Amino acid sequence: MPRRGPRPVAWLHGGLSYGGGERVLVEQVRALEPTGRPVDVWSLDLPGAPQDLPAVVHAANRHVRRVGTVTSSRRLFWTLLRGGYEAVFTCWVPRGYRAIQRLERWRVLPRPAVIETVHERYPRFIEDPGGRRGDTVNLFLLTYDFRDTATGYFRATPERLAIARPLFPHLLRSSDAGIPERAAALRASLGIGPEAVVVGHVGRVAAAKGVHHVLAMVERLVTRGVDVHLLAAGRVQWNEEEFGRQWRALEARADEPGSPLRGRFHRLGPVEDSGAVYGACDVVPLCSTVEGLLPLMLVEAMSLGCAVVTTDVGGIGASLRDGVDAFVVRKVPDDVKDPTPAVLAEFEARLTRLVTDRAERARVGAAGRARVEALVAGNDFHGDVRAALDRALALPRRPRRAAVQPRS
């Protein structure tokens, strides 16, 4: 019987909580809508993990059929077998590789083409113990150009590497209606005066994001008499128990009588209206240890004219120009370790300048808005994702090992 319509495509992802990698998944799903391919999205997260995005995934593409959770390798294997997928998008999912390799024992359908999204170039994100990743994936889809590193770790030949930079129009919040009014209402509800400067974080509260460092910096600014507030919107990273305890202790200390931060540290938790939160902020710092191309939090904040200070980790230094459209602090070395005292001191000096110098804050904010608008306008993420799928489908299903050895 002839096949009717295009074969389906699936996504396998560690979870569907509200994070940058998960939002990139949503945009990949959106990119495939013009192809008419049926789409399924499977979360492989542990029971009890936050599931924020199923409705968002469904809204992104009218051809989405199912969004669900698969908690065991056996169930995943049968899910893939019954799905008859022509392609599967993955993102560092060891259970997924095992299930896909088991499909080779079944000859009813050809093994799906596998496209792996790789966000960061740091060893712990691109390690490949036993070579399972390199042997399963047909095409590695990098979020910025670190092909040299990927070649070494994955033994990937050039035709198995593609780039899709996650900069897309949905990130630009400046066109959203009503943000200034909602932002003003949020500030008033929190008791933040019109002349106060708001330093904000909108996203996962995690150790790698450096929010705890920013908290200490803002506390020192308040102690010096600066009228500044810290606003944190987002969920504390649910599977980082040690950091969670540390963060809760910092929150408790900030609420103690006599604390400089009492009444100035506002925790909103997960929010639906992130536009209002960004709009309420004057400065958005990101003291990260690891990132991909350009964190979505920075793009969204800059599109609303927020001045940004950030470390230059990942692709940030290649995207933003220090002193022109952002304050970009060099993190030496650019690794997964915490910033050195010298890096933190420089970061605090840059943050202090933006908080205390209204004219400089306005200049950097305006230049930052123009920068991210230009970056998005010059990028075609959706087209690059579709092109990557076409390339993966044209490649042999079982990649052969190359002679290249992983780099140390």
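Since the structure is predicted, the reported quantities are computational estimates derived from the model, not experimental observations.

*Asks:* How do you make sense of the nonpolar core when you look at a structure like this?
*Replies:* The tendency in soluble globular proteins is for nonpolar side chains to be buried as a group. Counting 100 residues, the largest nonpolar core has Trp11, Val41, Val57, Leu80 and Leu298 as its most contacted members. For this core, the element with the most residues is helix H12 (residues 296–303), which contributes six residues. Setting aside anything within four residues of it in sequence, one finds Leu80 in contact with Leu12, Tyr85, Val88, Ala99, Ile100 and Leu103. Residues Leu215, Val283, Val343 and Val355 belong to the second largest nonpolar core, which totals 33 residues.

*Asks:* I keep staring at the packing of aromatic side chains and nothing clicks. Help me out?
*Replies:* Note on aromatic pairs: each is described by the distance of the centres and the angle between the planes. In this structure the tally under the stated criterion is nine aromatic pairs. Here the aromatic rings of Trp11 and Phe89 are separated by 4.4 Å at their centres, their planes lie at 10°, and the arrangement is stacked. One end of the pair, Trp11, is in strand S1 (residues 9–13); the other, Phe89, is in strand S4 (residues 87–90), and 78 residues separate them in sequence. Classification of Trp11 by relative accessible area gives buried; the value is 2%. With a centroid separation of 5.8 Å and 90° between ring planes, the pair formed by Trp247 and Phe265 is classed as edge-to-face. Note that Trp247 is positioned in helix H10 (residues 241–255) and Phe265 in strand S10 (residues 265–269), a separation of 18 residues in sequence.

*Asks:* Whenever I open this one, the packing of helix H1 (residues 20–31) against helix H16 (residues 381–394) confuses me. Can you help?
*Replies:* Contact pair H1 / H16: the axes reach a minimum separation of 9 Å and the direction vectors enclose 75°. As judged from the angle between their axes, H1 and H16 are roughly perpendicular. Seen from H1, the contacting residues are Val24, Glu27, Gln28, Arg30 and Ala31; seen from H16, they are Phe381, His382, Val385 and Arg386.

*Asks:* Help me understand helix H7 (residues 147–154), please; the structure alone is not making it clear to me.
*Replies:* The periodicity of an α-helix, 3.6 residues per turn, causes residues three or four places apart in sequence to face the same way. Residues of H7 that are buried include every one of Ala150, Gly152, Tyr153 and Phe154, and no others. Packed against the buried residues of H7 are strand S5 (113–118), helix H5 (123–126), helix H6 (132–136), strand S6 (139–142) and strand S7 (161–163). Positive phi appears at Arg155, one or two residues downstream of H7, with a value of about 55°.

*Asks:* It is not clear to me how the environment of Thr289 should be interpreted in this structure. Could you clarify?
*Replies:* Checked against the element boundaries, Thr289 lands in the loop between strand S11 (283–286) and H12. Judged by relative accessible area, which is 5%, Thr289 ranks as buried. Sequence-wise, Thr289 and Gly5 are 284 residues apart; in three dimensions their C-alpha atoms are separated by 45 Å. Discounting chain neighbours no more than four positions away, the residues touching Thr289 are Tyr122, Ala208, Val313, Lys331, Asp334, Asp335, Val336, Lys337, Asp338 and Pro339.

*Asks:* Is there a simple way to explain the sheet that holds S4 in this structure?
*Replies:* Strand pairing in a sheet relies on backbone hydrogen bonds, with the paired strands running either antiparallel or parallel. Pairing within the open sheet is parallel, and its seven strands lie in the order S3-S2-S1-S4-S5-S6-S7. Strand pairing shows two members of the sheet lacking a second neighbour, strand S3 (64–69) and S7, which therefore form its edges. The mean inter-strand angle of the sheet, taken between neighbouring strand axes irrespective of direction, is 20°. Bridge count between S4 and S5: four bridges; the pairing is parallel. Across the sheet, the residue bridging to Phe89 is Ile115, located in S5. Relative to the sheet, H1 contacts S1, strand S2 (39–43), S3, S4, S5 and S6, its axis offset from that of S1 by approximately 180°.

*Asks:* In this structure, what is going on with the pattern of salt bridges? I would like to understand it.
*Replies:* Proximity of charged atoms lets side chains of opposite charge pair with each other. This structure, assessed with the given rule, holds 30 salt bridges. Ionic pairing is found between Arg62 and Glu33, a salt bridge with its closest N-O pair at 3.6 Å. Of this pair, Arg62 sits in the loop between helix H2 (54–60) and S3 while Glu33 sits in the loop between H1 and S2, and the two are 29 residues apart along the sequence. For Asp325, the salt bridge identified is with Arg321, shortest N-O distance 2.6 Å. Put simply, Arg23, Arg173, Asp176 and Glu300 are held in one network by salt bridges that share partners.

Procedures and definitions
Residues numbered from 1 in each chain as written. Predicted model: local features only at pLDDT ≥ 70, side-chain atom pairs only at ≥ 80, totals over all residues. Heavy atoms only, no water. Core = buried A, V, L, I, M, F, W, Y, C linked by side-chain atoms within 4.5 Å. Buried < 20%, exposed > 50% of the residue type's maximum accessible area, 1.4 Å probe, protein only. Helix = DSSP H or I, 4+ residues; strand = E, 2+ residues; numbered from the N terminus. Contact = heavy atoms within 4.5 Å. Phe/Tyr/Trp six-rings, centres within 6.5 Å; stacked < 30°, edge-to-face > 60°. Axes fitted to C-alpha atoms, helices over the stretch in contact; angles between N-to-C directions. Parallel < 35°, antiparallel > 145°, perpendicular 65-115°, else oblique. Pairing = 2+ DSSP bridges. Salt bridge = Lys/Arg side-chain N within 4 Å of Asp/Glu carboxyl O.

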